[in-house]
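Here's the letter readout for the chains.
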Amino acid sequence: MKIAFAAPSIPGSGAYVVTAHDDGALSPAAKALDERTGGAIVRAIKAGRFKGSRGQVLEVLAPSGLGISRALVVGLGKPGDLDPLGAQAAGGAVVGRLLTSGETAVAFAVDHVEGASLSPADIAANVAYGARLRSYRFDKYHTKKKPEELPSLVKFTVVVAREAEARKAFAPLDKIADGIFLTRDLVSEPANIIYPESLAKEAKALEKLGVKVEILGEAQMAKLGMGALLGVGQGSARDSQLLVMQWNGAPRSKEGPLAFVGKGVTFDTGGISIKPAGGMEDMKWDMGGAGTVIGLMKALAGRKAKCNVVCVAGLVENMPSGTAQRPGDVVTSMSGQTIEVLNTDAEGRLVLADALWYTQGRFKPRFMIDLATLTGAIIVSLGHEYAGLFSNDDTLSERLAAAGKATGEGVWRMPMGDAYDKQINSDIADMQNIGGDRVAGSITAAQFLQRFVNGVPWVHLDIAGMAWTKKDQATVPKGGTGYGVRLLDRLVADHYEG
Ligand code: BES
Ligand code: MN
Ligand code: ZN
């Protein structure tokens, strides 16, 4: 779907969208449309229960007096409450309705909103952003869908005064959407297509945006002593990889880079501690953390962010086989710390242990934020509303919480502490990879990671509940969500650029 901006006018064909506010107050464009259609809009509002509240959509098919095939009125809620997320949701709602409706073009009229803090150009840019985010599809493996099941909408035009200003405001959002779409693609691909080497190759394509990409193979990782990561991959026929991406958008800066580290388990069977068959297919998206840092890199490089960022992802496949790691095996991590692997299904933390240690040692970053579909327990705690946030740094945690509110990608801070840390002490090694009893599983996982951050300001985001959605949301169609790209882009934009 193509996004465009144009000066205000009622189109001669296709769908036309106007807006209304809480008490049914029509926008200027809505009033003009009502007049041109002989009062069809007001009559339709009276006939139904449309109130103009946020997210409401009223559809009038084939109104007379004009060439358009349908008119939509979208509720924006209270004018004073209209924020970027509200505007994005409005654009998303329209696309959700029309994407496969048979309609090919839609024009969405944005007016000045009295009492809103957003300019028309900003509202327009966010409507377009929400529209684009909702238009995402992962259709490539359907070969037999009927034409009426496939998207029909090819053009979404936002009509607004000073459209050039809106186009400018949309430009960076468009680049962030590119990053989100890449993450969604990677997460949606099955594990026979996306495995460590092929995932690394996808990331390599970011070189054309000016990203420096290095890929370390098993021999190089063995030399570095990455016994924790390599142990996870040793049962797989696929070679493990360490992906290192650098964006230097602030070449004169003397500060260390910002570091983002992703769990990239391209398929998690559980290994010898094998998972039950039901639902195991979900574990194709156990590389969601890696997918997010790759998409984030694309977003930052795409919008030429003025900062230095390094993204690292540990890419492995966790399989049971004759060469697989056994429960009880002891491995030595790159940090020198030894780990008793009591459960081969607690593999993400083993991968991150070496990825985090490598990142802090090589790059001396200002902070490290890791993202991982790490525990089922975080879904028990927080459902699909927030990622679990674990940290040794209050400032960074608060900044992320604010970025979460601004982008709608929520984080919720969870406790950490010595009492939890003790639970991963092992009888035979420096630590074990699961807690002694099955309580507080997400927290003991975070305590494990903390032993590999070497005191660097750090946040761990457990995104197991966020990487995938089973139902459509305003700007996120069901499937891979791309969670984290917006959140982290915003963190960077608000605090670490220029
Ligand atoms: N990848 C899983 C966690 C997960 C579960 C992600 C459901 C998304 C949806 C992780 O590797 C795992 O298996 N964790 C175990 C840890 C346990 C063995 C301590 C879990 O959560 O059961
Ligand atoms: Mn697992
Ligand atoms: Zn896993």
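Going by the structure above, here's the rest.
(A) Looking closely at the sheet that holds strand 13 (residues 338-341). With mixed pairing, the three strands of this open sheet are ordered in space as 12-13-17. The outermost strands of the open sheet, each flanked by one partner alone, are strand 12 (329-332) and strand 17 (431-432). Examined bridge by bridge, strand 12 and strand 13 share four bridges and lie antiparallel to one another. The residue bridging V331 from the neighbouring strand is I339, located in strand 13.

(B) Here's a closer look at the site of ligand 1. Around ligand 1 sit 17 residues in total, of which K275, D286, D345, E347 and G376 are the nearest. Within the side chain of K275, one N or O atom sits 2.8 Å away from an oxygen atom of ligand 1. Take D345: an N or O atom from its side chain is 2.8 Å from an oxygen atom of ligand 1. Protein burial of ligand 1: of its 520 Å² of free accessible surface, 77% is covered by the chains. Classifying every residue of the shell around ligand 1 gives six nonpolar, four polar and seven charged.

(C) Spatial organisation of the layout of surface pockets. The calculated volume of the second largest pocket comes to roughly 470 Å³. Lining the second largest pocket are 19 residues, with Y136, R137, D472, P477 and K478 sitting closest to its centre. At the level of secondary structure, the elements contributing two or more residues to the lining of the second largest pocket comprise helix 3 (84-98) and strand 20 (479-480).

(D) Structural context of helix 10 (residues 348-363). In this model helix 10 runs 22 Å from its N-terminal to its C-terminal C-alpha over 16 residues, within 8% of the 22 Å that 1.5 Å per residue would give. Counting buried positions over the 16 residues of helix 10 gives 14, a clear majority of the element.

(E) Spatial organisation of the pattern of salt bridges. All told, the structure shown has 25 salt bridges when counted by the stated rule. Note that R162 is salt-bridged to E165, the shortest N-O span being 3.1 Å. When the shortest N-O distance is used, the salt bridge between K263 and E347 registers 3.1 Å. Of the two residues, K263 sits in strand 10 (residues 258-268) while E347 sits in the loop between strand 13 and helix 10, which places them 84 residues apart along the sequence. Given a relative accessible area of 1%, E347 falls into the buried group.

(F) Structural context of the packing of aromatic side chains. Going through the model one piece at a time under the given rule, you end up with nine aromatic pairs. Between W285 and W468 the ring centres are 6.0 Å apart and the planes differ by 5°, which places this aromatic pair in the stacked class. Pair noted here: W285 is in the loop between strand 10 and helix 9 (288-302) and W468 is in strand 19 (residues 468-469), with a separation of 183 residues, a long-range link. Overall, the relative accessible area of 22% leaves W468 in the partly exposed class. Chaining the aromatic ring pairs together yields one cluster made of F260, F367 and Y496. Over the aromatic face of F181 sits the side chain of R132, whose NZ or CZ is 4.7 Å from the ring centroid. Between R238 and the ring centre of Y195, over which it is positioned, the NZ or CZ distance is 3.6 Å.

(G) Quick look at the coordination of the manganese ion (ligand 2). Distances from the manganese ion (ligand 2) to its protein donors, D268 (OD), D345 (O), D345 (OD) and E347 (OE), fall within 2.0 to 2.2 Å. Metal-centred angles of 71 to 165° between the six donor atoms at the manganese ion (ligand 2) mark the site as irregular. Donor residues for the manganese ion (ligand 2) sit on one chain with the sequence pattern D-x76-D-x1-E. Separating the manganese ion (ligand 2) from the zinc ion (ligand 3) is a gap of 3.2 Å, bridged by D268, which donates to each. Linking D268 in strand 10 with E347 in the loop between strand 13 and helix 10, this pair joins segments that are 79 residues apart in sequence.

(H) Local environment of the packing of helix 3 against helix 4 (residues 120-134). Viewed as axis vectors pointing N to C, helix 3 and helix 4 meet at an angle of 45°, and their least axial separation amounts to 6 Å. It follows that helix 3 is oblique to helix 4 by the angle criterion. Crossing handedness for the pair helix 3 and helix 4: right-handed. Between helix 3, through P84, A87, Q88, G91, G92, V95 and G96, and helix 4, the contact on the second element is made entirely by I123, N126, V127, Y129, G130, A131 and R134. Along the lines of polarity and charge, the residues of the contact of helix 3 with helix 4 split into seven nonpolar, six polar and one charged.

(I) A look at the sheet that holds strand 10. Read from one edge of the open sheet, eight strands run 8-9-11-10-14-18-15-16, paired in mixed fashion. At either margin of the open sheet sits one strand with a lone partner, and together these are strand 8 (212-216) and strand 16 (411-413). For this sheet, the mean angle separating the axes of adjacent strands, direction not counted, is 20°. Bridge count for strand 15 (residues 387-391) against strand 16 is three bridges, and the pairing is parallel. Looking at strand 16, one finds that L389 is bridged to R413. Each of strand 9 (241-248), strand 10, strand 11 (308-318) and strand 14 (367-372) is contacted by helix 9, which is oriented at about 135° to strand 10, the strand it contacts most. In this fold helix 15 (residues 485-495) packs onto strand 10, strand 14, strand 16 and strand 18 (458-462), with an angle of close to 170° to the strand it touches most, strand 14.

(J) Fine view of the coordination of the zinc ion (ligand 3). Every protein donor of the zinc ion (ligand 3) is accounted for by K263 (NZ), D268 (OD), D286 (OD) and E347 (OE), and the metal-donor separations fall at 2.0 to 2.4 Å. Classification of the site at the zinc ion (ligand 3) as octahedral follows from its six donor atoms and the range of 78 to 173° in their angles at the metal. Each donor residue of the zinc ion (ligand 3) lies on the same chain, and together they follow the pattern K-x4-D-x17-D-x60-E.

Rules used in this analysis
- Residues numbered from 1 in each chain as written.
- Chains lettered and ligands numbered in written order.
- Predicted model: local features only at pLDDT ≥ 70, side-chain atom pairs only at ≥ 80, totals over all residues.
- Heavy atoms only, no water.
- Pairing = 2+ DSSP bridges.
- Helix = DSSP H or I, 4+ residues; strand = E, 2+ residues; numbered from the N terminus.
- Near = heavy atom within 4 Å.
- Polar contact = N/O pair within 3.5 Å; in protein donor to acceptor, adjacent residues only side chain to side chain.
- Areas by Shrake-Rupley, 256 points an atom, 1.4 Å probe, with all protein chains shown as cover.
- Nonpolar A, V, L, I, M, F, W, Y, C, P; charged D, E, K, R; others polar.
- 1 Å grid on protein atoms, 1.4 Å probe; cavity = no way out; pocket = protein on both sides within 12 Å on 5 of 7 lines; lining within 4 Å.
- Points joined across faces, edges and corners; volume = space filled by probe spheres on them.
- Expected span 1.5 Å × (residues − 1).
- Buried < 20%, exposed > 50% of the residue type's maximum accessible area, 1.4 Å probe, protein only.
- Salt bridge = Lys/Arg side-chain N within 4 Å of Asp/Glu carboxyl O.
- Phe/Tyr/Trp six-rings, centres within 6.5 Å; stacked < 30°, edge-to-face > 60°.
- Lys NZ or Arg CZ within 6 Å of the ring centre and 35° of its normal.
- Donors = N, O, S within 2.8 Å, 3.2 Å for Na, K, Ca; no water.
- Tetrahedral: all angles 85-135°; square planar, octahedral: opposite > 155°, others 65-115°.
- Axes fitted to C-alpha atoms, helices over the stretch in contact; angles between N-to-C directions.
- Parallel < 35°, antiparallel > 145°, perpendicular 65-115°, else oblique.
- Left-handed = near helix turned anticlockwise from the far one by under 90°.
- Contact = heavy atoms within 4.5 Å.

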